[in-house]
Amino acid sequence: MLVNKTIFHRLAGVGLFVTACALGPLGTSPVARAQDIQQEKVVIAHRGASGYLPEHTLAAKALAYGMRADYIEQDVVLSKDGVPVILHDIHLDTTTDVAARFPDRKREDGRYYAIDFTLAEIKSLNVTERFKTDSGKQVYENRFPMDFGMFKVPTLEEEIKMVRGLNHSTGRDVGIYTEIKDPAFHREEGVDISAAVIAVLEKWGYNNPDSNSFVQCFDWAETKRIRNELNYQGKLVQLLGENRWGPPEGTDYDYLKSEDGITEMARVVDGIGPWLPQVITGLSENGSAVVTPTLIAAQRAQLLVHPYTLRADQLPKWAGDMDIALKAIFDDAGIDGIFTDFPDQAVQYLARNPDA
Ligand code: CA
């Protein structure tokens, strides 16, 4: 597509989209499609600037904003009173002091579930750096010290207000990138998380193909339901895992990674969120990225490709440093965006390499 890349790059950080209105005939579908979208390479702050501050705290999100990420990610689960809150897990015990505060509220499996706690109870918890429940040790030892527990769990709406408020005060347009977590678990608990999340997005103007936002989900049956039954109009991304991780019922990642799976997904979603090894397997002898058939098929189907997760303190085996990884991702593989815990490093790489 003939687009002036220089102009786009001057607007780096804006998360600019140009719709097909300006570039060609509109399709018949009311829904956003990757073919209708031209965008600069984007940096998605994975759980915020989570390499520096505890994941999914408003502090980590504000830092990511200040680091000029294009999108800020929210993982969403529901509280007992049905409020969408920002947590990576359906459990509270890996990032909060719930076990000390509410010792008698664990289930038989020993876990503390967000769905068993009201918003007021969740708000009373202190959020820390992620830790292992068995040893109590933090997962990434050189990150923010976990004994500094001064943070709170935000609601989806609070986080949207913060991003929108910063967009107002800075004049920038940073997007949101919302993941609906474990819809099958929520359904077993008698609640419809997708409907609850979309209601909040709708309220804030994000249920719209032109809004600066994405919705993502690992559950392929649910992704189709979000599009077809809940009539979600915004940009949608199917996340890809591995079957050996225990996929949601109705989701076969081996199929989705295949040519047929890619073709089917392209009829429903705007992009895919693969695990990084599903798109780049290593470097060739001349140091350039070795890409997978899944990536080639997705690019041929004009799907956006936003892999997860690039971490400076847990690099892929083939990458000696962040710049090697970012060159492989952006320059060699032509990937559209990256989820990273270190958004500053990816933003700086793209600023130094405007033709990436
Ligand atoms: Ca996520």
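My aim in this report is to walk through the structure given alongside it, one point at a time. (Residues numbered from 1 in each chain as written. Predicted model: local features only at pLDDT ≥ 70, side-chain atom pairs only at ≥ 80, totals over all residues. Heavy atoms only, no water.)

### What to know about the overall build of the chain
So, point 1. Secondary structure assignment for the chain yields 14 helices and eleven strands.
So, point 2. Per-residue burial over the chain gives 53% buried out of 356 residues.
So, point 3. Here the contacts in the chain between residues at least 6 apart in sequence split such that 68% fall between residues at least 24 apart.
So, point 4. Carbon and sulfur atoms form 52% of the exposed surface of the chain, whose accessible area is close to 15100 Å². (Helix = DSSP H or I, 4+ residues; strand = E, 2+ residues; numbered from the N terminus. Buried < 20%, exposed > 50% of the residue type's maximum accessible area, 1.4 Å probe, protein only. Contact = heavy atoms within 4.5 Å. Areas by Shrake-Rupley, 256 points an atom, 1.4 Å probe, with all protein chains shown as cover.)

### As for the packing of aromatic side chains
Two descriptors summarise a pair of aromatic rings, namely the distance from one centre to the other and the angle between the planes of the rings.
So, point 1. Per the stated rule, a full pass over the model turns up eleven aromatic pairs.
So, point 2. Both rings, one in Tyr71 and one in Tyr177, keep their centres 5.9 Å apart while their planes meet at 90°; by these two values the pair is edge-to-face. Of the two residues, Tyr71 is situated in strand β2 (residues 71–78) and Tyr177 in strand β4 (residues 175–180); the sequence distance between them amounts to 106 residues. The residues Tyr71 and Tyr177 share a single accessibility class, namely buried.
So, point 3. Ring centres of Tyr71 and Phe214 lie 5.4 Å apart, and the angle between their planes is 70°; on these two criteria the pair is classed as edge-to-face. (Phe/Tyr/Trp six-rings, centres within 6.5 Å; stacked < 30°, edge-to-face > 60°.)

### What about helix α13 (residues 322–332)?
So, point 1. Burial in α13 covers these residues: Met322, Ala325, Leu326, Ala328, Ile329 and Phe330. Along the axis of α13, the buried residues cluster in a sector spanning 165°; they form a single face.
So, point 2. Its buried side turned inward, α13 meets β1 (42–45), β8 (280–283), β9 (289–291), β11 (337–340) and α14 (343–352).
So, point 3. For α13, the N-terminal capping position is held by Asp321, with its side-chain oxygen 3.1 Å away from the main-chain nitrogen of Asp323.
So, point 4. Positive backbone phi, at 65°, marks Gly334, one or two positions downstream of α13. (Arc of directions from axis to C-beta. Polar contact = N/O pair within 3.5 Å; in protein donor to acceptor, adjacent residues only side chain to side chain.)

### Considering the side chain of Asp89
So, point 1. Tracing the backbone shows Asp89 in the loop between β3 (84–86) and α4 (98–101).
So, point 2. A distance of 2.5 Å separates the side chain of Asp89 from the side chain of His88, its partner in a polar contact.
So, point 3. In this structure the side chain of Asp89 is engaged in a polar contact, spanning 2.7 Å, whose partner is the side chain of Thr94.
So, point 4. Apart from the residues within four sequence positions on either side, Asp89 is in contact with Val77, Thr94 and Arg130.

### Overview of the coordination of the calcium ion
So, point 1. Taken together, Glu73 (OE), Asp75 (OD) and Glu179 (OE) make up the full set of protein donors to the calcium ion, lying 2.2 to 2.3 Å away.
So, point 2. For Glu179, a relative accessible area of 5% puts it in the buried group. (Donors = N, O, S within 2.8 Å, 3.2 Å for Na, K, Ca; no water.)

### Remarks on the pairing of β4
So, point 1. Buried residues dominate β4, accounting for six of its six residues.
So, point 2. Every second residue of β4 is oriented toward a common face, with Gly175, Tyr177 and Glu179 on one face and Ile176, Thr178 and Ile180 on the other, all of them buried.
So, point 3. Sheet analysis places β2 next to β4, joined by six bridges and oriented parallel. Note on β4: the bridge partner recorded for Glu73 is Tyr177. (Pairing = 2+ DSSP bridges.)

### Here we look at the pairing of β11
So, point 1. Burial along β11 is two-sided: the residues Gly337 and Phe339 and Ile338 and Thr340 are all buried.
So, point 2. Across four bridges, β1 lies against β11 in parallel orientation. The residue of β11 that forms the bridge with Ile44 is Phe339.

### Comments concerning the environment of Lys80
So, point 1. Topologically, Lys80 is positioned in the loop between β2 and β3.
So, point 2. What makes Lys80 exposed here is its relative accessible area of 54%.
So, point 3. With 42 residues separating them along the chain, Lys80 and Ile122 place their C-alpha atoms 9.6 Å apart.

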